[in-house]
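# Architecture at a glance
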Number of protein chains: 2
Amino acid sequence: MKLNILGCYSATPRTFTNPTAQVLEINNHLFLIDCGEGTQVQLRRHKIKFNRIKHIFISHLHGDHCFGLVGLISTFRLLGREADLHIYAPKGLKESILLQLKLGNSWTNYNLIFHELTNNKSELIFEDEKVTVETIPLDHRVYTNGFLFREKEGDRKLDMNAVLNEGIDVAYYRKLKQGADVPNLKGVIVRNELMTKPAAPPKSYAFCSDTAYNESIIPLISSVTALYHESTFLDQHIELAAPTKHSTAKQAAAIAKLANVEQLILGHYSTRYDNLDAFKEEAETIYSPVYLADDGKVFDI
Amino acid sequence: MKLNILGCYSATPRTFTNPTAQVLEINNHLFLIDCGEGTQVQLRRHKIKFNRIKHIFISHLHGDHCFGLVGLISTFRLLGREADLHIYAPKGLKESILLQLKLGNSWTNYNLIFHELTNNKSELIFEDEKVTVETIPLDHRVYTNGFLFREKEGDRKLDMNAVLNEGIDVAYYRKLKQGADVPNLKGVIVRNELMTKPAAPPKSYAFCSDTAYNESIIPLISSVTALYHESTFLDQHIELAAPTKHSTAKQAAAIAKLANVEQLILGHYSTRYDNLDAFKEEAETIYSPVYLADDGKVFDI
C-alpha cells in the first residue's frame, strides 16, 4: 500500500498548503479520498494518472473536503474519459454536482455513479476479490464518515521444492494455496503446512478526518496497519477542539494507542501553526510511532 | 484603471496555468471578474486584499469561470468577513451556491446578495457616483454575458489662478466644476471655459469571454479604452471555433478593429498551445496594439 498525501491542511487552500485529498494505492486500485479545491492540480503535480482513479470517497460536505470534486469530474469529461466513476459520499453531494453540471450544460459522457451514504453505523461500501472498504462513522459538525481500507487475507505461498518433493499433482495447487491438505501421487494425504507458507499479513488503512475525540471508533480501527487521524489543534488550543468537533495531536495519539494501531499519521492541521514538529512531539508523549503528513509526502505502508 | 490577470487559460486548471479570473481596479473598487477553481489562491499569491472585493461578476456557468466561487465565499466566512458581497451571475448560480453552503451547514455570516442575470439585451447592473457596469450579451454554448466597466465623466478641473483673478465666490465652485457659466463679484457672467479645464477622459474596459465571433457586440464596446476578448484558438484550429462558440486571435482582432477600441488584450487560450506569441502575431495582421494576457500580469489601462 502506498499513500500519497495531496493536501492535509484544514479550512482554506493557500499558496503553499492544500485542503484534504489523498490517493491510496492498494492492490492496483487508486482510491481518491476527499477532494478539496485544487485537488486536480495536485494530482497533475504528483503525476498521478487521472484515468486510474475509478473510486472517490468523500468524508463530509465541508468545502475543504469536497469543493474540488466538480472540477475534477469536469476535467475527466474534457479529457475524454470513458471509464465509470464511482463516488461514495454523504447524501446531497449528488444533487449538488448534478445541478452544477446541468447549469454548465456539461453532462459527463462517462458513467457517474453515486453511492449516497446516510448510515450512522459502519457499513461495507466496496468489495472486490482483494479489497474491502467500510465506513467509520465520525463525530463532526455535519454527517461524516472515515473509511477503512482492508486487504483480504491472501493465498498461502507454495514452497515449490516441497511440493515437487512430495509429488503433488498440479491440479491440487489451488487447494494447497487455500490451505487444504491434499494427496500425493501415492494417495497419501500430506499436511498443508509442510508445502506452503503463510500469505503476507493483509494490510489495512483507516482514514479518520474530520472528527472530535471519539472512542467509539476504536473497535472499528483496532490494530490497523496505519491510522490517519486528524489533529487540527495543538494542546494550547484544546478549548477549540470540542466546540468545532476537531481533535488535538494528543487526542489522535490516545485513539491510536487505545486501538493498538501499528502507526499513526497526523494531518488536517490548522493553518495557524507555522511549524508542524510540535504535533509529533505532543502525540509522541502518548503513542509512537507518529508520522506527520505533508502535501506531496508519500507513505509506504 | 488597473487590470490584474489571475488566470486566463481555458478549460482546466493545470500546474502552471489558471482558469479565468481577473481583478479590475477602478475608482477604488476591486471588481472580481469570473472565478475559476483556484482563484482564492491566486488572489493570495498576488496579494489582493480579500476584504476589498465587494462585487463579483460571473460571465457564465462553465466550470472554468465559476468553480472557485463557492470556495472563495466560504473562505470569506472563515476570515470573519462582515461586508456585503454582491454577485452578478446567470440565474442558477445562486441555487447552486446556496445548496453547497446548506450541505456544509456553512451559511455566511455576512450578506450574500445575488443579482441573477437573465436578460438577452445589454442592461445596467451596477452604478455609483463614478462608475457604471453594463452587461454585454455574448454568443456561447450557455447563457453568457461580458461586462462593460465605464468611468463616468468627471468634474471639470478648476484653474484656481483664473478663478481668483475673476473674483468668483466659493459658493459657485461646484457649478463651475459642472461646467456652468457663473457671475463674478460684480455680477458679470464669466464663461466657464475661461476658468476650468476638461476632466480627464473617462476610461472604459470591456471583458468579452467566452464568445464566438459576434459583430452584434460592436456598438456596445465601441471605442473602449481596453477590450479583453477571448482567443481560444489560432487560425490552424479555426474549424473548432464555430462549433465550440469560441474565437480565434484574428476574430478577436477583427472585433477590436470594427469597434475602434484603443487596445486589445487577448486571453482564454486553449492549453494545447505551448507558446503564446502566435496569438499576438496573428491578431496584429488585422489590428494593433495587441497585448497578451498571462497569469500574474498587471495592465495599467
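Residues numbered from 1 in each chain as written. Chains lettered and ligands numbered in written order. Predicted model: local features only at pLDDT ≥ 70, side-chain atom pairs only at ≥ 80, totals over all residues. Heavy atoms only, no water.

## Notes on the relation of the copies chain B and chain A
Rules: The fit set for superposing copies consists of C-alpha atoms from residues with pLDDT of at least 70 in both; the fit itself is least squares. We call two residues contacting when some pair of their heavy atoms lies within 4.5 Å.
When chain B is fitted to chain A, the residual RMSD is 0.2 Å, and the transformation amounts to a turn of 180° plus an axial shift of 0.1 Å. The operation mapping one copy onto its partner corresponds to a two-fold rotation axis. Taking C-alpha positions as reference, the residue of chain B nearest the rotation axis is B:Gly38, located at 3.0 Å. When the interface residues of chain B are mapped onto chain A, 100% of them are again interface residues, pointing to one common binding face.

## Here we look at the sheet that holds strand β7 (residues 124-127) of chain B
Residue and element names in this part refer to chain B. Under the convention used in this document: For two strands to count as paired, DSSP must find a minimum of two bridges between them. Numbering goes from the N terminus for both helices and strands, where a helix is a DSSP run of H or I of at least four residues and a strand is a run of E of at least two. Lines fitted to C-alpha atoms define the axes, with helix axes restricted to the stretch in contact, and inter-axis angles between N-to-C directions lie between 0 and 180 degrees.
Reading across the sheet, the seven strands line up as β7-β8-β9-β14-β15-β16-β17 and stay open at both edges, with mixed pairing between neighbours. Whereas interior strands pair on both sides, the edge strands pair on one side only; in this sheet they are β7 and β17 (290-292). Direction aside, neighbouring strands of the sheet carry axes that sit 20° apart on average. The sheet contact formed by strand β9 (residues 145-151) and strand β14 (residues 204-208) spans four bridges and is antiparallel. Residue pairing for β14: Phe-149 is matched across the bridge by Tyr-205. Its contacts with the sheet put helix α10 (residues 277-284) on β16 (264-267) and β17, and the angle it makes with β17 is roughly 165°.

## What to know about the packing of aromatic side chains
So the rule is basically this: In this analysis, rings of Phe, Tyr and Trp, with Trp reduced to its six-membered ring, are considered paired at centre separations within 6.5 Å, and the interplanar angle assigns stacked below 30 degrees, edge-to-face beyond 60, and tilted for intermediate values. Type-normalised accessible area, obtained with a 1.4 Å probe on protein chains alone, sets the label of each residue: buried when under 20%, exposed when over 50%, and partly exposed for intermediate values. Should the NZ of a Lys or the CZ of an Arg lie within 6 Å of a ring centre and within 35 degrees of the ring normal, that charge is described as sitting over the ring.
What the rule picks out here adds up to 30 aromatic pairs over all chains. With centroids separated by 5.3 Å and ring planes inclined at 90°, the aromatic side chains of B:Phe57 and B:Phe149 adopt a geometry described as edge-to-face. Of this pair, B:Phe57 sits in strand β4 (residues 53-57) while B:Phe149 is found in strand β9, placing the two residues 92 residues apart along the sequence. You'll find B:Phe57 and B:Phe149 in the same group, each marked buried. Sitting over the face of the ring of A:Tyr110, A:Arg81 holds its NZ or CZ atom 5.4 Å from the ring centroid.

## Examining the UniProt feature "binding site: Zn(2+) 1" (unreviewed entry) in chain A
All names here are of chain A. Heads up, the rule is: UniProt positions are given in the numbering used here, feature names are shortened, and annotations may be inferred rather than shown by experiment.
UniProt tags His-60, His-62, His-140 and Asp-210 as "binding site: Zn(2+) 1" (unreviewed entry). A compact arrangement is adopted by the annotated residues: their sequence extent is 151 residues, whereas the largest C-alpha distance between any two is 10.3 Å. Here His-60 shows up in the loop between β4 (53-57) and α2 (63-66). The buried category is assigned to His-60, whose relative accessible area is 0%. When neighbours within four sequence positions are excluded, His-60 is seen to be in contact with Asp-34, His-65, Cys-66, Pro-90, His-140, Val-142, Tyr-143, Thr-144, Ser-209 and Asp-210.

## Description of the interface of chain B and chain A
Heads up, the rule is: Accessible surface is computed with a 1.4 Å probe, and the buried area is the amount of it that two parts give up when combined, taken over both parts together. Any Lys or Arg side-chain nitrogen located within 4 Å of an Asp or Glu carboxyl oxygen qualifies as a salt bridge. N or O atoms within 3.5 Å of each other form a polar contact, as long as, within protein, one can give a hydrogen and the other can take it, and as long as residues adjacent in sequence are counted only when both atoms are side-chain atoms. Throughout this entry, Asp, Glu, Lys and Arg are counted as charged residues, while Ala, Val, Leu, Ile, Met, Phe, Trp, Tyr, Cys and Pro are counted as nonpolar. The remaining residues, Gly among them, count as polar.
With 34 residues of chain B at the contact, the number on the chain A side is 34 residues. Interface area for chain B against chain A, summed over the two sides, is near 2,700 Å², with a carbon-plus-sulfur share of 60%. Summed over the shared surface of chain B and chain A, the result is zero salt bridges. Along the contact surface separating chain B from chain A lie eight residue pairs in polar contact (both at pLDDT 80 or more). Among the secondary structure elements, those contributing two or more residues to the side of chain B that touches chain A are α1 (39-45), α3 (69-78) and α4 (93-103) of chain B. Broken down by element, the side of chain B that touches chain A gets its largest block of residues, six residues, from α4(B). Taken together, the residues that form the side of chain B that touches chain A break down as 11 nonpolar, 16 polar and seven charged.

## Here's the deal with a negative patch on the surface
The line we're drawing: Here the term patch refers to residues with relative accessible area over 30% and no salt bridge, with like charges joined within 9 Å and nonpolar side chains (Val, Leu, Ile, Met, Phe, Trp, Tyr) within 5 Å. To be clear on the numbers: accessible area is Shrake-Rupley with a 1.4 Å probe, and residue cover counts the displayed protein chains and nothing else. Counting rule for charge: Lys and Arg are taken as positive, Asp and Glu as negative, and neither His nor the chain ends is counted. For charged residues, the charge sits on one atom: NZ in Lys, CZ in Arg, CG in Asp, CD in Glu.
Taken together, A:Glu95, A:Glu116, B:Glu95 and B:Glu116 make up a surface patch of like negative charges. Here B:Glu116 lies in strand β6 (residues 112-117). Using a relative accessible area of 34% as the deciding quantity, one classes B:Glu116 as partly exposed.

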